[in-house]
Each structure stands twice: as structure tokens, then as C-alpha cells.
Amino acid sequence: MAIDPVCKMEIQPEHAAIATMEYEGKKYYFCSETCHNKFKSDPEKFLSEEDNIFPEPHH
Ligand SMILES: [Zn+2]
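For clarity, every value in this text was computed on a predicted model and none was experimentally measured.

Concerning the overall build of the protein
Right, on to step 1. If you tally the helices and strands in the protein, you get two helices and four strands.
Right, on to step 2. Reading the protein from its N terminus to its C terminus gives the helix and strand order β-β-β-β-α-α.
Right, on to step 3. Here the protein holds 59 residues, and the buried ones make up 15% of them.
Right, on to step 4. The contacts of the protein with a sequence gap of at least 6 include a subset with a gap of at least 24, amounting to 32%.

Okay, structure coming up:
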């Protein structure tokens, strides 16, 4: 299971041929071209938001 980094929707890679993109060696799946285009325009924004889903304490 993959997560669309833009809208956080769960994507099943085998069914999600709509839009995929490799960024910094990782493959990302998107539910639509809209999300894909948003990610392309500012990948760092969505990847930093992704970190906030599972906050881990750094001591
Ligand atoms: Zn999406």
C-alpha cells in the first residue's frame, strides 16, 4: 500500500497506474493527475507534511 503524498489517500500500486513519479529514488503514487501536478510543482512541501503524520520524538 502506498499513500498519495498530496491528498493522503491510500493507493494500491497495482491499480494506480494513473500517475506515478520517482523523486529522490523513491516512487510515489498519485490518485490523479491533479495530485501529481501539485506534487511536481513543490515536492518538498508535501514530503515535509508527510513527516507530520507520524511525529516521532527526536531526543
Ligand atoms: Zn490524490
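Some points on the pairing of strand S3 (residues 19–23)
Right, on to step 1. The pairing of S3 with strand S4 (residues 26–30) spans five bridges and is classified as antiparallel. Within S4, the position partnered with Glu-22 by the bridge is Lys-27.

As for the confidence of the model for the protein
Right, on to step 1. Considering every residue of the protein, the mean pLDDT works out to 84; 78% of them sit at 70 or more.
Right, on to step 2. Mean pLDDT per element in the protein: helix H2 (residues 43–51) is the minimum at 78, and helix H1 (residues 33–41) is the maximum at 95.

Some remarks on unusual backbone geometry
A negative phi angle is the norm for most residues apart from glycine, just as the trans form is the norm for most peptide bonds.
Right, on to step 1. Here the phi dihedral of Lys-8 falls at roughly 70°; this positive angle occurs in a residue that is not glycine.
Right, on to step 2. With respect to the helices and strands, Lys-8 occurs in the loop between strand S1 (2–3) and strand S2 (10–11).
Right, on to step 3. Within the chain, Glu-24 stands out as a residue other than glycine whose phi angle is a positive 50°.
Right, on to step 4. Examined against the element boundaries, Glu-24 turns out to sit in the loop between S3 and S4.
Right, on to step 5. For Glu-24, a count of 8 C-beta atoms within 10 Å corresponds to the exposed category.

Conventions and cut-offs
Residues numbered from 1 in each chain as written. Predicted model: local features only at pLDDT ≥ 70, side-chain atom pairs only at ≥ 80, totals over all residues. Helix = DSSP H or I, 4+ residues; strand = E, 2+ residues; numbered from the N terminus. Buried ≥ 20, exposed ≤ 12 C-beta atoms within 10 Å, placed from the backbone. Contact = placed C-beta atoms within 7 Å. Pairing = 2+ DSSP bridges. pLDDT = per-residue confidence, 0-100.

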